[in-house]
Structure formats: C-alpha cells, structure tokens
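Listed below are the residues making up each chain.
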Amino acid sequence: MSRIEENIKKHIPSLVEVWRDSCKKNNSNSSQMLTYPEIQIVSKALLDLQRGLTGTRRLAGAGYMDNTSYLGAYLLYYWPVSYLQISYAMNDILKNKTSVVFPQKKIRILDLGSGPAPASAAVIDTLAAEKNISFECTLIDSSNKTLAYAQRVFAKEYPTVQLHTQVCDFEKQPVVEGKYDIIVMCHALNELWGNKPDYIEQRVSFIKR
C-alpha cells in the first residue's frame, strides 16, 4: 500500500464520525463501517448530487453545500476522491524538487472554494512527509456549514495546524489579500459564473487576481 493510500485510509474514520455526528443526535455506532441504512441514505444523496453536478448541472454553483444530505454525501465520497487527486498531483510536483523550495519552517496555504478541505489535507500530508514543518491554513468558501465541517475534520486530524476560515462568494467579493506559499482550488472554478455568457473571461480574471 502506498503512502497516499495509507493516508486516505487513516482519514476515513474521522470523516465517518463527523458525518454521523452531523446527521444524528444520538448515535452509539462506533464502527468505521457504514450500516446498510446509512449506505442507503448516503447513496440516495450522492446520486442526486452527482446528477446535479455532472448531469443537468442544476446544483453547480447553487449552494448545495448548505444542504446537510449533500454535504454528507460529499464528505464520504467526494472528499476522498478530491484528496487522492490533489495528493497525486502534489506527489508529481515534488518529484522535481529543484522547482519547489520552502526555506521557511511554516507553510501558508490558501484553499479557495475549500468545501470541507480535502485539498488542504492532501497538501499538508504530502509536505509533512517531506520535512519537519508547521502549517497555517486559510479556508474560504461560500458555505458557512461546510467550513464548520472542515473545522471538525481538522480538529480530529490536524490539531496542530493553525486554521482560519472565511465565508466568501467569489462572484460578489474580492479574493482575500495576503501572501501564501501555496494556493489551491479543487473543483470550484467550474462552478463560478456558469450562468453568465462571459463565464470564461470571468474565470480568467479571477485566476489572475
């Protein structure tokens, strides 16, 4: 098993625990395995979420992260998928170490459209394996609820990371100012300005800023 696979396996129990805490007031199930009724609940929400994001796209940019069912499905399915995607991308970048230099002991990460922060988790895990450094992470998303989920995941998995969160609608507000060592945006750009005829120009301008 690769280091990336070991890392994602390590995170699964916390993701399940956060999901259970969020959707049930009284829960005595401490198993890492989902029960059949739980699988049915997540599967139904996931099917609707997938169709809304990749089929009709009625949910793209529609604030679906404020829906508890969709957010739970994201946490248990899309979080691991996004984590793996960013982990493998980071791994490829670090193969050419001559182009990646972090002389300071603290790495500042800015995660745009973070959701419950799978991308930041992947960046932290990848760099933590390379050297003994600390992290300061700023998560920005339009959903206060999803940022609360991210805080709960980080409290369990990354208690030593200095974490900041900010609610921001990128279509209406400017991007946060400041200097960062790494800026990451995972599956969020394609949801911005999707209903505008000049969406490509808007996205290019956003990336430049």
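Structure shown above.
Quantities reported herein were computed from a predicted structural model and do not represent experimental measurements.

**Digging into the overall build of the protein**
Helices and strands together make up the secondary structure of the protein, namely 6 helices and 4 strands. Along its sequence from the N terminus, the protein presents helices and strands in the succession α-α-α-β-α-β-α-β-β-α. Counting the 209 residues in the protein, one finds 43% classified as buried. Put simply, of all contacts in the protein between residues at least 6 apart along the chain, 71% involve residues at least 24 apart. Carbon and sulfur atoms make up 53% of the accessible area of the protein, which totals about 11,600 Å².

**Some remarks on the environment of Gln151**
Turning to its location among the elements, Gln151 is positioned in helix H5 (residues 144–157). Taking the relative accessible area as the measure of exposure, Gln151 reaches 40% and is therefore partly exposed. Sequence spacing of Gln151 and Thr165 is 14 residues, and the spatial spacing of their C-alpha atoms is 8.3 Å. The residues contacting Gln151, other than those within four sequence positions of it, are Leu163 and Thr165. At 3.4 Å, the side chain of Gln151 forms a polar contact with the side chain of Thr165.

**Comments concerning the packing of helix H3 (residues 68–95) against H5**
Relative to each other, H3 and H5 sit at 45 degrees, their axes nearing to 11 Å. As the angle between them shows, H3 and H5 are arranged oblique. Here H3 runs over H5; the crossing is right-handed. Two secondary-structure elements touch here, H3 through Thr68, Leu71, Leu75 and Trp79 and H5 through Lys145, Thr146, Tyr149 and Val153.

**Describing the layout of surface pockets**
Size it by volume and the second largest pocket reaches roughly 190 Å³. What lines the second largest pocket is a set of 13 residues, among which Leu112, Val175, Ile183, Ile207 and Arg209 lie closest to the centre. Looking at the lining of the second largest pocket, the elements with two or more residues in it are strand E1 (106–112), strand E4 (182–185) and helix H6 (199–208). Examining the composition of the lining of the second largest pocket, we find that 3 residues originate from one element, E4, more than from any other. For the lining of the second largest pocket, the class distribution of residues is 10 nonpolar, 1 polar and 2 charged.

**Some words on the packing of aromatic side chains**
Applying the stated rule across the entire model yields 6 aromatic pairs. Ring centres 5.0 Å apart and planes at 85 degrees place the aromatic pair Tyr77 and Tyr78 in the edge-to-face group. Overall, the relative accessible area of 35% leaves Tyr77 in the partly exposed class. Relative to Tyr158, the ring of Phe154 lies with its centre 4.9 Å away and its plane at 50 degrees, an arrangement referred to as tilted. Tyr158 matches Phe154 in its accessibility class, with the two residues each being buried. Among the aromatic residues, those joined into a ring-pair cluster are Tyr74, Tyr77 and Tyr78. Stacked on the ring of Tyr180, the Lys or Arg Arg108 has its end atom at 4.6 Å from the ring centre.

**As for the pattern of salt bridges**
Considering all chains together, one arrives at 4 salt bridges under this definition. For Glu38, the salt bridge identified is with Arg20, shortest N-O distance 2.9 Å. Residue Glu38 is located in helix H2 (residues 36–55), and its partner Arg20 is located in helix H1 (residues 3–23); the two are separated by 18 residues in the primary sequence. Side by side, Glu38 and Arg20 carry an identical accessibility label, which is buried. Here Arg108 makes a salt bridge to Glu136, at a shortest N to O gap of 3.6 Å. Pair noted here: Arg108 is in strand E1 and Glu136 is in strand E2 (residues 134–141), with a separation of 28 residues, a long-range link.

Cut-offs applied
- For every chain, the first residue of its written sequence is number 1, and the numbers climb from 1 along that sequence.
- Local features are withheld for residues below a pLDDT of 70 in this predicted model, meaning they are given only at 70 or higher, and side-chain atom pairs are given and counted only at 80 or more; totals for whole chains, interfaces and linings count all residues.
- Only heavy atoms go into the side-chain values, all of them from the structure, while hydrogens and water stay out.
- Put simply, DSSP marks the helices as runs of H or I at least four residues long and the strands as runs of E at least two long, and each gets a number from the N terminus on.
- Note on exposure labels: buried denotes an accessible area under 20% of the residue type's maximum, exposed denotes more than 50%, and partly exposed covers the range between, all computed with a 1.4 Å probe on protein chains only.
- Residues are treated as being in contact if the distance between any of their heavy atoms lies within 4.5 Å.
- Methods summary: accessible areas were calculated by the Shrake-Rupley approach with a probe of 1.4 Å, and residue burial reflects only the protein chains presented.
- Contacts described as polar in this section are N or O atom pairs within 3.5 Å, which, within protein, must combine one atom able to donate a hydrogen with one able to accept it, while residues neighboring in sequence count only if both atoms come from side chains.
- Convention adopted: a line fitted to C-alpha atoms gives each axis, helices being fitted over their contacting stretch, and angles between N-to-C directions are expressed from 0 to 180 degrees.
- Angles below 35 degrees are treated as roughly parallel, those above 145 as roughly antiparallel, those between 65 and 115 as roughly perpendicular, and all remaining angles as oblique.
- Crossing handedness: left-handed means the near helix sits turned counterclockwise from the far one by under a right angle, and right-handed means the same turn made clockwise.
- Only protein atoms enter the 1 Å grid, on which a cavity is a set of points fitting a 1.4 Å probe that cannot get out and a pocket is an open set with protein on both sides within 12 Å along at least 5 of 7 lines, lining residues being those with an atom within 4 Å of a point.
- Grid points are joined across faces, edges and corners, and a volume is the space filled by probe spheres set on the points.
- Ten residue types, Ala, Val, Leu, Ile, Met, Phe, Trp, Tyr, Cys and Pro, are classed as nonpolar, four, Asp, Glu, Lys and Arg, as charged, and the remainder, Gly among them, as polar.
- Pairs were defined over the aromatic rings of Phe, Tyr and Trp, the Trp ring being its six-membered one, requiring ring centres within 6.5 Å. Orientation was assigned from the angle between planes: stacked under 30 degrees, edge-to-face over 60, tilted for the rest.
- Either the NZ atom of lysine or the CZ atom of arginine qualifies as a charge over a ring when it sits within 6 Å of the ring centre and within 35 degrees of the ring normal.
- Here a salt bridge means any side-chain nitrogen of Lys or Arg lying within 4 Å of a carboxyl oxygen belonging to Asp or Glu.

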